[in-house]
Amino acid sequence: AQSVSQHNHHVILSEAASLELGCNYSYGGTVNLFWYVQYPGQHLQLLLKYFSGDPLVKGIKGFEAEFIKSKFSFNLRKPSVQWSDTAEYFCAVRAAGNKLTFGGGTRVLVKP
Amino acid sequence: EPEVTQTPSHQVTQMGQEVILRCVPISNHLYFYWYRQILGQKVEFLVSFYNNEISEKSEIFDDQFSVERPDGSNFTLKIRSTKLEDSAMYFCASRSPSGGENSYNEQFFGPGTRLTVL
C-alpha cells in the first residue's frame, strides 16, 4: 500500500526566511503528487501538483516543488516566506485508483 | 469561484445515534469523495463515488457507513450508529472529469464537518 511521510511536524521561522518541507512516498509505479495548504479556519486548497513533464513545478503564492523520482520525494519550497504563509501543509499522492493518500501534515508558523 | 460546501460545520451526537453529513460538490464535477481526519492524525480516505456508485472504499468504510447522492446537487455520508472513535473532521471533495488519459484534475475540498461523538 502506498504511504506518504512528511519529515517535520512543526516548523517555526521568521519572515523572509526560506522554507523547505520534505515529502517522501512509497510506491513504485506512476504517481501524481500534490501539495495542499490549509490556512487557519479554512479548507484544504491546492498549492501545486505534478503529473508529468518538468519535475520542477511552480504553484501559487510563490511556492514550488521538485519531484525527484529516484528519491521518491516531492519537496516543497518557498525562497522567502511571509506571515500569511502560516498554515498547515499536506503532501498527497495519487497512485492507483482515484484516492489521495496524505502525509501527516506540517504546521508552519511564520513569525512577523 | 465555485466551492465545495459542507453542512453542518459542527455536529455533536450521542454514541449510537445516526448522523448525516452533507456536501454540495462543485456543479460540473462527477467524482466525489469523503475523507476524515481524527485529531492529531493523517487525513484518511474513506470512499469515492462516481456514476451513482461507490468506486473505491477504504477499510474504515464498513457497514456503518453509506453514501448517497439523493439529488443532482447533494452528496451525503451517513453513519448509522456512531461510535466514540468516529469523532473526527470529515472532508468532502469533488473532482471534474480528467481531460484525457494523461491528465488528472485535482480534488477540491470542502471546509469540513467536525463530528463529536459523546
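The coordinates are above.
Residues numbered from 1 in each chain as written. Chains lettered and ligands numbered in written order. Predicted model: local features only at pLDDT ≥ 70, side-chain atom pairs only at ≥ 80, totals over all residues. Heavy atoms only, no water.

The strands making up a sheet associate through hydrogen bonds between their backbones, and the pairing can be parallel or antiparallel. Residue and element names in this part refer to chain B. The strand order S1-S3-S8-S7 describes an open sheet built from 4 strands, whose pairing is antiparallel. Looking at which strands have only one partner, the edges of the open sheet turn out to be strand S1 (5–7) and strand S7 (65–68). For this sheet, the mean inter-axis angle between neighbouring strands, taken without regard to orientation, is 20°. Inspection of the sheet shows S1 paired to strand S3 (residues 19–24) by 3 bridges, in the antiparallel sense. By the bridge assignment for S3, Gln6 is matched with Cys23. (Pairing = 2+ DSSP bridges. Helix = DSSP H or I, 4+ residues; strand = E, 2+ residues; numbered from the N terminus. Axes fitted to C-alpha atoms, helices over the stretch in contact; angles between N-to-C directions.)

This part is about the environment of A:Phe74. Residues and elements named next belong to chain A. Within the secondary structure, Phe74 sits in strand S9 (residues 73–78). Judged by its relative accessible area of 0%, Phe74 is buried. Counting along the chain gives 18 residues from Phe74 to Ala92, while the straight-line C-alpha distance between them is 9.6 Å. Beyond its immediate chain neighbours, meaning those up to four positions away, Phe74 contacts Cys23, Leu33, Phe34, Trp35, Leu48, Tyr50, Ala65, Glu66 and Phe67. (Buried < 20%, exposed > 50% of the residue type's maximum accessible area, 1.4 Å probe, protein only. Contact = heavy atoms within 4.5 Å.)

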